[in-house]
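Coordinate inspection notes
Here is what each chain is made of, one letter per residue.
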Amino acid sequence: MSGGYNFAYLDEQTKRMIRRAILKAVAIPGHQVPFGSREMPLPYGWGTGGIQVTASIIGPDDTLKVIDQGADDTTNAVSIRRFFARTAGVAGTTRTEAASIIQTRHRIPETALREGQIIVYQVPQPEPLSRLEPSRVETRRMHALADYGLMHVRLYEDVARLGQVAISYDYPVMVNNRYLMAPTPIPSFDNPKMDMMPALQLFGAGREKRIYAVPPYTSVKSLDFEDHPFRPLRAAHECGLCGAADSYLDEVVTDDRGGRLFVCSDTDYCERRRADGHVGRDGMAEAAQ
Amino acid sequence: MAYVAVKGGEKAIDAAHAWLAETRRGDTAVPELSVAQIAEQMARAVDRVMAEGSLYDRELAALAIKQAQGDLVEAAFLLRAYRTTLPRFAHAEPVRTEEMAIRRRISATYKDLPGGQVLGPTTDYTHRLLDFSLLADGARPEAPVAAEGVAAMGHMHRVLRHEGIIEDDAPQAVHETEGAPGDLTRAPLAFPAGRDVRLQALARGDEGFVLAMGYSTQRGWGGSHPFAGEIRMGEVSVEITPPELGFTIDIGDITLTECQMVNQFKGSKTEPPQFTRGYGLVFGHAERKAMGMALVDRAMRTEELGGEATAPAQNIEFVLYHCDNVEGTGFTEHLKLPHYVDFQSELENVRRLRATALKEAAE
């Protein structure tokens, strides 16, 4: 623990204010609750909202996993994990099922989350309508009236012009049949994992000063049309290292002649599959080196 | 395989920080810059960092400038992140700028007025020629001292107030957030935003943004016929009234720059034609900021005064959501963070769209 600062950096009054916002958010699934976001010692856009949410709910007995792009070892994930190791002294883990709190940016782990776990999303833009209506005065009114015609029209225009909905990440979802919600910039591949998830999902947007939540076992539906059902996107390959055919893949450029290696974005999932003896096409080559 | 899972992010971060620290110090053959030197000799930079960092502390602002290698937005960020951890033990009484110990006070609306025009330490009439004598170690030139000191002087708008031809302070209070003045650092922005919150946002706002917004109103994007009614700079006392004492005590002086813009107003259904005011108040000696702020403040009052908000500077939501450079720099620069998961989904998306389009073209 770092001297001079409170446990998990934030003072207890601030944590209480944030917990109140979280409770309200849980009570109204998908609704964006304004909160007195603090200026954190990390820049806006680096996960200040997620960090504040995590700091407000974490206790000394928690085990924290932090991922960015699905990986535990990306620089910002390392930086945030260090922040909590330094200010809260909590144990860290890379194993999804061993974590009580998972803070994430841009992914939901492949390993299904269970009851009792909390996943905290870092949110750059909490307003799902922001690209269609820049004024928050207007979008708040739309949410109040559940007036989401603008988004349906936007999806319809994609279908009319391109034959399909052309949103691949931050794909809008309807929560509990009431609020339109930004799932954060996770690939649409991850959207179905949000639906009826046994774990509590919390969303923190520091710069925009909003918190929202999806309680366990809550309906989260990706917007679609009867004749154009939602289709999550995934590269049509197997993981080159572990052979997984069901995971979200990163495309790694291996040379300048079009060479590609597709590997799991979820590093924990991939490592554990390989430890269990699964081998992908390129995993053999790597092992042989 | 060429691919090696990227490990060692932790080591890379440590090495980057070490390199940064080394770069900050620069050539060790050159003497190290002291915080006191920055505070004394780069005072305008210190003023700006205090204003945008929302913390009046010359030493810490100078430290932040040193730590940030002179990057003033980064320095303001450092100061803010420190400020947010400080306990609040009292709220100050409103500062009385009419009792300011004047170092500078000018009015563009009157040739002379009670208290007179006091130029003070201004660059206004300097010729912008590089002073090569500063390349050598310069001695401190002695400024002449007037035989008579400058007494406190009332605000210029009071002159017009006698005639009732300029709006008073009172009606504006109506537009304040209910109860105590709002505080953006404690409560999220909400709309309609009271003038108290708007002024706080501008006072903390980026000097460049506020300047550009104010400038845009002069060029026709929401013109408001401004006159620089008064600009003053000097020291004011900060006073608090601790509940356990029950009386007011002076806890120190701060330097402020205040600007009162005077704007023509044709009147409305309820108000006769009169002059209205835009207000700017900034930590330190910061006239550019105070004047820009006063222009934007007045522009944001357009709807309140019965006009239609059409220009960017008149759009309260636009100005308030984008004037903060710590927020702006964070979100703009966050694009540096890895986004390869989303980019991958976009790759698949565009590949699928292309396949559809090419197939249709072939049919």
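Keep in mind it's a predicted model, so treat the numbers as computed, not measured.

1. So, the overall build of chain B
Along its length, chain B carries 13 helices and four strands. The C-alpha extent of chain B, read off along each of the three principal axes, is 80 × 65 × 55 Å. Put simply, chain B has 363 residues, and 31% of those count as buried. Counting only contacts in chain B whose residues sit at least 6 apart along the sequence, the fraction spanning at least 24 positions is 63%.

2. Considerations on the overall build of chain A
In terms of helices and strands, chain A carries eight helices and twelve strands. Across its three principal axes, chain A shows a C-alpha extent of roughly 60 × 55 × 35 Å. For chain A, buried positions account for 52% of its 289 residues. At a minimum sequence separation of 6, the contacts of chain A that also span at least 24 residues come to 63%.

3. Considering the pairing of strand E9 (residues 210–214) of chain A
All names here are of chain A. With respect to burial, E9 is a largely interior element, five of its five residues being buried. With burial as the criterion, each face of E9 is covered, one bearing Arg210, Tyr212 and Val214 and the other bearing Ile211 and Ala213. Pairing of strand E1 (residues 33–34) with E9, which is carried by two bridges, proceeds in the antiparallel orientation. The partner of Pro34 across the bridge, within E9, is Arg210. When strand E8 (residues 200–205) meets E9, the two strands line up antiparallel, connected through five bridges. Its bridge partner lying in E9, Ala205 is registered against Arg210. Linking E8 to E9, which pair antiparallel, is a turn of four residues; within it Lys209 sits at a positive phi near 60°.

4. Considering the sheet that holds strand E10 (residues 220–222) of chain A
All names here are of chain A. Pairing is antiparallel across the open sheet formed by three strands, whose spatial order is E7-E6-E10. In this open sheet, the two edge strands, each paired with only one partner strand, are strand E7 (179–181) and E10. Averaged over all adjacent pairs, the angle separating strand axes in this sheet is 35°, with direction ignored. Relative to E7, strand E6 (residues 173–175) is paired through three bridges, and the arrangement is antiparallel. Looking at E7, one finds that Val175 is bridged to Tyr179.

5. Examining the nonpolar core
Among the nonpolar cores identified, the biggest contains 57 residues, and Ile22 and Ile211 of chain A are the most heavily contacted of them. Sort the elements by how many residues they give to this core and helix H1 (residues 12–27) of chain A lands first, with six residues. Leave out the neighbours within four places in its chain, and Ile211 of chain A touches Ala21, Ile22, Ala25, Val33, Phe35, Val53, Phe203 and Gly204 of chain A. By size, the runner-up hydrophobic cluster in this structure holds 51 residues, among which are Ile38, Ala51, Ala61 and Val197 of chain B.

6. As for the interface of chain A and chain B
Counting from both sides, the interface comprises 52 residues of chain A and, opposite them, 39 residues of chain B. Take the side of chain A that touches chain B: its biggest share by element is four residues, from helix H3 (residues 75–87) of chain A. Residue composition of the side of chain A that touches chain B, grouped by class: 21 nonpolar, 19 polar and twelve charged.

7. A look at the sheet that holds strand E4 (residues 274–283) of chain B
Residue and element names in this part refer to chain B. As summarised here, the arrangement of the four strands in space is E1-E2-E3-E4, forming an open sheet in which the pairing is antiparallel. Looking at which strands have only one partner, the edges of the open sheet turn out to be strand E1 (101–106) and E4. Neighbour to neighbour, the strand axes of the sheet diverge by 20° on average, direction disregarded. Against the sheet, helix H10 (residues 287–299) makes contact with strand E2 (226–240), strand E3 (249–265) and E4, and its axis sits at roughly 140° relative to E4, the strand it touches most.

8. Some words on the pairing of E8 of chain A
All names here are of chain A. For E8, the tally of buried residues reaches six of six residues, placing the bulk of the element in the interior. Side chains Leu200, Leu202 and Gly204 of E8 all project onto a buried face; the interleaved residues Gln201, Phe203 and Ala205 project onto the opposite face, where all are buried too. Of the strand pairs in this sheet, strand E5 (residues 118–122) and E8 are connected by five bridges, and their pairing is parallel. By the bridge assignment, Ile119 is partnered in E8 with Gln201.

9. Details of helix H1 (residues 9–25) of chain B
All names here are of chain B. When the terminal C-alpha atoms of H1 are compared, their 25 Å separation across 17 residues agrees well with the 24 Å that a helix rising 1.5 Å per residue should span. With zero of 17 residues buried, H1 is to be regarded as a mostly surface element. Immediately beyond the C-terminal end of H1, within one or two residues, lies Gly26, with a positive phi of roughly 70°.

10. Focus on the packing of helix H3 (residues 43–53) of chain B against helix H4 (residues 58–67) of chain B
Residues and elements named next belong to chain B. Between H3 and H4, whose axes approach to 9 Å, the crossing angle comes to 100°. On the basis of their axis angle, the class for H3 and H4 is roughly perpendicular. From H3, Ala45, Val46, Val49, Met50 and Gly53 reach across to H4, where they touch Arg58, Ala61, Ala62, Ala64 and Ile65. Of the residues in the contact of H3 with H4, the class split is eight nonpolar, one polar and one charged.

11. Focus on unusual backbone geometry
In the segment running from Phe191 of chain B into Pro192 of chain B, the intervening peptide bond is cis, with an omega of 0°. Tracing the backbone through its elements, the reader meets Pro192 of chain B in the loop between helix H7 (170–173) and helix H8 (195–204). In this structure, Tyr9 of chain A is a non-glycine residue whose phi angle is positive, near 70°. Along the chain, Tyr9 of chain A turns up in the segment before H1. A residue is classified by how many C-beta atoms lie within 10 Å of it, and Tyr9 of chain A, with 22 of them, is buried. Its identity as a non-glycine residue notwithstanding, Lys209 of chain A has a phi of 60°, on the positive side. A count of 24 C-beta atoms within 10 Å places Lys209 of chain A in the buried class.

12. Observations regarding the environment of Gly240 of chain A
Residue and element names in this part refer to chain A. With respect to the helices and strands, the residue Gly240 is situated in the loop between E10 and strand E11 (249–253). Given 26 C-beta atoms within 10 Å, Gly240 falls into the buried group. In this structure the C-alpha to C-alpha distance between Gly240 and Leu261, which are 21 residues apart in sequence, comes to 6.3 Å.

13. Notes on the packing of H3 of chain A against H1 of chain B
As a packed pair, H3 of chain A and H1 of chain B sit with axes 9 Å apart at the nearest point and diverge in direction by 80°. In terms of their interaxial angle, H3 of chain A and H1 of chain B are classed as roughly perpendicular. The segment H3 of chain A lies against H1 of chain B, with Thr75, Val78 and Ser79 of chain A engaging Gly9, Glu10, Ala12 and Ile13 of chain B. Of the residues belonging to the contact of H3 of chain A with H1 of chain B, the class tally is three nonpolar, three polar and one charged.

14. A closer look at the environment of Asp250 of chain B
All names here are of chain B. Here Asp250 shows up in strand E3. Overall, Asp250 belongs to the exposed group, with 10 C-beta atoms counted inside 10 Å. A sequence separation of 157 residues divides Asp250 from Glu93, and the C-alpha atoms of the two residues are 9.9 Å apart. Setting aside residues no more than four positions away along its own chain, Asp250 makes contact with Ser237 and Glu239.

The rules we used
Residues numbered from 1 in each chain as written. Chains lettered and ligands numbered in written order. Predicted model: local features only at pLDDT ≥ 70, side-chain atom pairs only at ≥ 80, totals over all residues. Helix = DSSP H or I, 4+ residues; strand = E, 2+ residues; numbered from the N terminus. Buried ≥ 20, exposed ≤ 12 C-beta atoms within 10 Å, placed from the backbone. Contact = placed C-beta atoms within 7 Å. Pairing = 2+ DSSP bridges. Axes fitted to C-alpha atoms, helices over the stretch in contact; angles between N-to-C directions. Core = buried A, V, L, I, M, F, W, Y, C linked by C-beta atoms within 7 Å. Nonpolar A, V, L, I, M, F, W, Y, C, P; charged D, E, K, R; others polar. Expected span 1.5 Å × (residues − 1). Parallel < 35°, antiparallel > 145°, perpendicular 65-115°, else oblique.

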